[in-house]
Amino acid sequence: MDHFGDRTTVAAGLAVCSLGMGLLVFAADGDLVLTILAGAVVGVGLAGLIAPASTVVMNDLPENKAGDGSSLNMVSRFVGAAVGVAVVVSIFASTYSSHMASSLRGGAGGSGPAGSLSPSQVATAEASISGALTLSRQLGSAAGTQLADAARAAFDSAATRGYLAVAALGLIGAVWAWRALRDAP
């Protein structure tokens, strides 16, 4: 922050986090090396984001308001994390469920495994990958394999959309931080 200034440090931290989340899009199918690399990039971005953002808040407050500012800073982090998780989980869950529903019906051809499943089994498979994989092991045979493959594909699709959402929100945050923060003279 001393070298680059507040706005550059915080905006770059957000942009680097977004880059890491964007890399995770390409690792959604299980590429371990890319997942580790993306995690490291996110970590570098967070290092340029978390402490500097807190420093910006605290440096702009008079000493007698430092306790209030610190409390508000922590509360805003917790609320932001909760809202962020809720948004991403909603995107993830709706994508997974929609993809599974389509896969179970077999898409346009109608050749999915839903014909061999009861309505409650379909609901279980559409609700979570854990439920779908447990059900696929119980089914065994070709229907079980088809269900497991569909669940993994739905999970990958949901992860990709979730990572894209986080990357986009991070970029929006980087632009906002760049525009809102001004470096000290």
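The structure this text deals with has already been given above.
Below you will find a few notes about this structure. (Residues numbered from 1 in each chain as written. Predicted model: local features only at pLDDT ≥ 70, side-chain atom pairs only at ≥ 80, totals over all residues. Heavy atoms only, no water.)

Turning our eyes to something else, we now look at the packing of aromatic side chains. Scanning the model with the defined rule gives one aromatic pair in all. When the centroid spacing of 5.2 Å and the interplanar angle of 75° are considered together, the rings of Phe92 and Phe155 count as edge-to-face. Of this pair, Phe92 sits in helix α4 (residues 66-105) while Phe155 sits in helix α7 (residues 141-180), placing them 63 residues apart in sequence. By relative accessible area, Phe155 is classed as partly exposed at 32%. A cation over an aromatic ring shows up here: Arg7 above the ring of Trp178, its NZ or CZ 3.9 Å from the ring centre. (Phe/Tyr/Trp six-rings, centres within 6.5 Å; stacked < 30°, edge-to-face > 60°. Helix = DSSP H or I, 4+ residues; strand = E, 2+ residues; numbered from the N terminus. Buried < 20%, exposed > 50% of the residue type's maximum accessible area, 1.4 Å probe, protein only. Lys NZ or Arg CZ within 6 Å of the ring centre and 35° of its normal.)

This next bit is on the packing of α4 against helix α5 (residues 119-127). Close contact between α4 and α5 brings their axes to 8 Å; oriented N to C, the two are set at 135°. Classified by the interaxial angle, the pair formed by α4 and α5 is oblique. Here α4 runs over α5; the crossing is right-handed. The residues of α5 that touch α4, namely those facing Tyr96, Ser97, Met100, Ala101 and Leu104, are Val122, Ala125, Glu126 and Ala127. (Axes fitted to C-alpha atoms, helices over the stretch in contact; angles between N-to-C directions. Parallel < 35°, antiparallel > 145°, perpendicular 65-115°, else oblique. Left-handed = near helix turned anticlockwise from the far one by under 90°. Contact = heavy atoms within 4.5 Å.)

Checked against the element boundaries, Arg7 lands in helix α1 (residues 6-27). Polar side-chain contacts of Arg7 include one of 3.4 Å to the backbone oxygen of Leu181. (Polar contact = N/O pair within 3.5 Å; in protein donor to acceptor, adjacent residues only side chain to side chain.)

At their nearest, the axes of helix α3 (residues 50-59) and α4 sit 10 Å apart, and the two run at 140° to each other. The pairing of α3 with α4 is recorded here as oblique in orientation. Taken as a pair, α3 and α4 cross one another with a handedness that is right-handed. Packed against α3, whose contacting residues are Ile50, Ser54, Val57 and Met58, the element α4 presents Ala66, Gly69, Ser70, Asn73 and Arg77 at the interface. Of the residues belonging to the contact of α3 with α4, the class tally is four nonpolar, four polar and one charged. (Nonpolar A, V, L, I, M, F, W, Y, C, P; charged D, E, K, R; others polar.)

Okay, a nonpolar patch on the surface next. Side chains of Val75, Val79, Val83, Val87, Leu169 and Ile172 sit close together on the surface and give an oily, nonpolar patch of about 520 Å² of accessible area. Those elements that provide at least two residues to the nonpolar patch are α4 and α7. In terms of residue count, the dominant contributor to the nonpolar patch is α4 (four residues). Mapped onto the elements, Val83 comes out in helix α4. (Patch = residues over 30% accessible without salt bridge, like charges linked within 9 Å, V, L, I, M, F, W, Y side chains within 5 Å. Areas by Shrake-Rupley, 256 points an atom, 1.4 Å probe, with all protein chains shown as cover. Salt bridge = Lys/Arg side-chain N within 4 Å of Asp/Glu carboxyl O.)

For an α-helix the count is 3.6 residues per turn, leaving residues at separations of three or four pointing the same way. Residues Gly131, Ala132, Leu133, Leu135 and Ser136 constitute the buried set of helix α6 (residues 129-139). In the core, the buried residues of α6 are packed alongside α4, α5 and α7. Of the residues flanking the end of α6, it is Gly140, one or two places downstream, whose phi is positive at about 60°.

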